[in-house]
Amino acid sequence: MPMYGDQGNKLVQHAKRMQNLAHLPPYQTELVRAVTREVRDLDKDVASLLEPFQGSFDPSADQSTACTLLVNHLSMRRNKRCLLAYHRTRTDKLEELVWNGSDVLDLAGQQAGGVANGAAATVDSGASSSLSPQEEDYVRQFGDLLAAYKGQWTDIDLTGSLEPPRDLFIDVRVLKDAGEIQTEYGAINLTKNSQFYVRQGDVERLIAQGYLQKLG
Amino acid sequence: MDIDDILREVDPTFHAVPQEKRSLQELTRAWIAERSAPELLPWPADGLFERVNGSIKRQIEKVEEMTGDMDPKTNFALIVIQTELERFKYLIRSYLRARISKIDKHTLHYLSTDALRSRLSEMELAYATRHQALLHNHYLSSFLSSFPSGLQNLNDSAGINMVESPDLESAVFIRLLKDTLVEGRGVDSDGAMDGRESDIVILRWADAKPLVENGSAELV
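Anyway, here's the lowdown on the structure attached to this text. Computed from a prediction, not measured in an experiment: that's the story for all the values here.

All names here are of chain A. Judged by pairing direction, the sheet is antiparallel, and its three strands sit side by side in the order β4-β1-β5 without closing on themselves. What marks the edges here is a single partner per strand, and that holds for β4 (195–199) and β5 (212–214). Neighbour-to-neighbour, the strand axes of this sheet turn through a mean angle of 40°, independent of strand direction. Sheet topology places strand β1 (residues 169–174) next to β5; three bridges connect them, and they run antiparallel. Counted as the bridge partner of Val174 is Leu212 from β5.

Further remarks concern the sheet that holds strand β5 (residues 217–219) of chain B. Residue and element names in this part refer to chain B. Within the open sheet, the three strands sit side by side as β4-β1-β5. Their pairing is antiparallel. The sheet is open, and its two borders are formed by β4 (200–204) and β5, each paired with just one other strand. Averaged over all neighbouring strand pairs, the angle between strand axes comes to 40°, with direction disregarded. Sheet topology note: the strand β1 (residues 171–176)/β5 ladder contains three bridges and is antiparallel. By the bridge assignment for β5, Ile174 is matched with Leu219. This element, helix α8 (residues 205–213), spans β1, β4 and β5 of the sheet and lies at about 125° to β4.

Our next topic: the pattern of salt bridges. Counted according to the given criterion, the structure contains 15 salt bridges over all chains. Ionic pairing is found between Arg33 of chain A and Glu30 of chain A, a salt bridge with its closest N-O pair at 3.5 Å. Here the residue Arg33 of chain A and the residue Glu30 of chain A both occupy positions in helix α2 (residues 29–50), the gap between them amounting to three residues, near one helical turn. Given the relative accessible area of 55%, Glu30 of chain A is considered exposed. Arg196 of chain B serves as the salt-bridge partner of Asp179 of chain B, at 3.8 Å between the closest nitrogen and oxygen. Note that Asp179 of chain B is positioned in the loop between β1 and β2 (180–184) and Arg196 of chain B in the loop between β3 (191–195) and β4, a separation of 17 residues in sequence. Classification of Arg196 of chain B by relative accessible area gives exposed; the value is 56%.

Its identity as a non-glycine residue notwithstanding, Asn193 of chain A has a phi of 70°, on the positive side. Tracing the backbone through its elements, the reader meets Asn193 of chain A in the loop between β3 (186–190) and β4.

What follows covers the nonpolar core. In terms of nonpolar packing, the biggest core is built from 59 residues, with Phe142 and Trp153 of chain A together with Phe49, Ile92, Leu96 and Phe143 of chain B touching the most fellow members. Put simply, the parts of the chain that give this core at least two residues each are α1 (6–18), α2, α3 (63–99) and α5 (133–151) of chain A together with α2 (18–36), α3 (48–67), α4 (72–105) and α7 (122–142) of chain B. It is α4 of chain B that provides the largest number of residues to this core, a total of ten residues. Excluding its chain neighbours within four sequence positions, the residues that come into contact with Ile92 of chain B are Trp153 and Ile156 of chain A together with Leu27, Phe49, Val52 and Ile56 of chain B. The next biggest cluster of nonpolar side chains, apart from the first, holds 14 residues, and it includes Ala37, Ile174, Leu176 and Ala217 of chain B.

So, about the interface of chain B and chain A. Taken residue by residue, the interface counts 51 residues in chain B and 48 residues in chain A. Buried area between chain B and chain A, both sides added, is near 4,700 Å², and the carbon and sulfur share of it is 66%. Linking chain B with chain A are zero salt bridges, by the criterion used here. When contributions to the side of chain B that touches chain A are tallied by element, the ones reaching two or more residues are α3, α4 and α7 of chain B. Counting residues per element, the side of chain B that touches chain A draws most heavily on α4 of chain B, which supplies 16 residues. Classifying every residue of the side of chain B that touches chain A gives 25 nonpolar, 14 polar and twelve charged.

Turning next to helix α6 (residues 200–208) of chain A. Those residues of α6 of chain A lying buried are Gln200, Val203, Glu204 and Leu206 of chain A. Summarising the contacts, the buried residues of α6 of chain A are in contact with β1, β2 (179–183), β3, β4 and β5 of chain A together with α4 of chain B.

This part covers the environment of Ile32 of chain B. All names here are of chain B. Within the secondary structure, Ile32 sits in helix α2. Its relative accessible area of 27% is what places Ile32 among the partly exposed residues. In sequence terms Ile32 and Ser94 are 62 residues apart; their C-alpha atoms lie 9.8 Å from each other.

This part is about the packing of aromatic side chains. Residues and elements named next belong to chain B. For the coordinates displayed, the defined rule picks out nine aromatic pairs over all chains. Between Trp31 and Tyr90, the aromatic rings sit 6.0 Å apart at their centres with planes inclined by 75°, giving edge-to-face as the arrangement. Placement of the pair is Trp31 in helix α2 and Tyr90 in helix α4, with a sequence separation of 59 residues. Considered together, Trp31 and Tyr90 belong to a single accessibility category, that of buried residues.

Looking now at the environment of Ile56 of chain B. Within the secondary structure layout, Ile56 of chain B lies in helix α3. For the pair Ile56 of chain B and Val163 of chain B, spaced 107 residues apart in sequence, the C-alpha to C-alpha distance is 39 Å. Not counting residues within four places of it along the chain, the set of residues in contact with Ile56 of chain B comprises Asp155 and Ile156 of chain A together with Leu85, Phe88, Lys89 and Ile92 of chain B.

Right, let's get into the side chain of Gln59 of chain B. Of note, Gln59 of chain B is situated in helix α3. Residue classification places Gln59 of chain B among the buried residues on the basis of a relative accessible area of 9%.

Scoring rules and cut-offs
- Residues numbered from 1 in each chain as written.
- Chains lettered and ligands numbered in written order.
- Predicted model: local features only at pLDDT ≥ 70, side-chain atom pairs only at ≥ 80, totals over all residues.
- Heavy atoms only, no water.
- Pairing = 2+ DSSP bridges.
- Helix = DSSP H or I, 4+ residues; strand = E, 2+ residues; numbered from the N terminus.
- Axes fitted to C-alpha atoms, helices over the stretch in contact; angles between N-to-C directions.
- Contact = heavy atoms within 4.5 Å.
- Salt bridge = Lys/Arg side-chain N within 4 Å of Asp/Glu carboxyl O.
- Buried < 20%, exposed > 50% of the residue type's maximum accessible area, 1.4 Å probe, protein only.
- Core = buried A, V, L, I, M, F, W, Y, C linked by side-chain atoms within 4.5 Å.
- Buried area = accessible area lost by both parts, 1.4 Å probe.
- Nonpolar A, V, L, I, M, F, W, Y, C, P; charged D, E, K, R; others polar.
- Phe/Tyr/Trp six-rings, centres within 6.5 Å; stacked < 30°, edge-to-face > 60°.

Okay, here's the thing in structure tokens:
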């Protein structure tokens, strides 16, 4: 017979595993629902246990009931905690992606495709995203929030590299056609496989987005 | 040679304007402290960031002015100034990001009391409040709304405390700025020593905090 908290524990294990993954595994809709249901059932149990006492329950008079109540009480909170931990780990991951400037919603779709092409070759429920609809909303809203906060620092790109700058100019190789960019030394046409010596600040975004590769 | 020296070397205003140098030192110090301290430190109150932002703006203008000039001498100066600018920007970026990551980690904790809220800058406060609201909304729409109403809060403390706070007992390194008595709590027994200026000590942040706050030590 499943114990209280078994489902919650599974969620936490999912969250733990997720921390070491590069991508975001699919949202555990069923598990989340099951844990939530468990909480509701426990709450109903508590209500029905307390009903005959009409609000005048004395724990020392009926210790077995008191113990049941305590276990139910703690199990509910533990489940809540597990759910919070699971969702928080996921949102942390999503926020990290937003900070890195990758298009999360686009990426989630690509990932589903990538898994299908890879050695695993498990068709990952078509092109559906590994995010829950709520998470997609969250990513959009967090993106707006971040943009708003960043916008207040006009001269500093907060999402820029956190590596200390060593050289003003760097060598880059173009991995994907990125079109023409304007720099203070004139326009550069970034065509695939060409190589340039450019100012790091001008191309930081393109490196983060995978258009350019830093050399040396 | 530490970052101070490197920055000083490329700072063309080093000999002329002590004000800018002071700002830079303050910024570097705030940056180092923020990165080593386990909890969020107060936002610099004396307008440090207005000053730094001002000097960044001036430097950007100077760069724009000099760009048209093809004289090799100006060109060299341009590169020096731009390098300095990039490093300045990096310091600020890294500092702000270090703060944001701490705020994100323990948002509810920092929003819980006025004393803690006052450590955040206005922008950060707005960001943290909004971020927490987003998170709460996300939890609500994902699962919390189908919970019994008594369990829908995020800050309940009955049974299990749901508000995480930073670990004030984690270890930090400090450098003493003057001779002072250093007291620290250990696992088995507590210790005390007469510290001398420029000694470097490792101890719990909770023990180091008073020394740092009264200016007897700085974080390294």
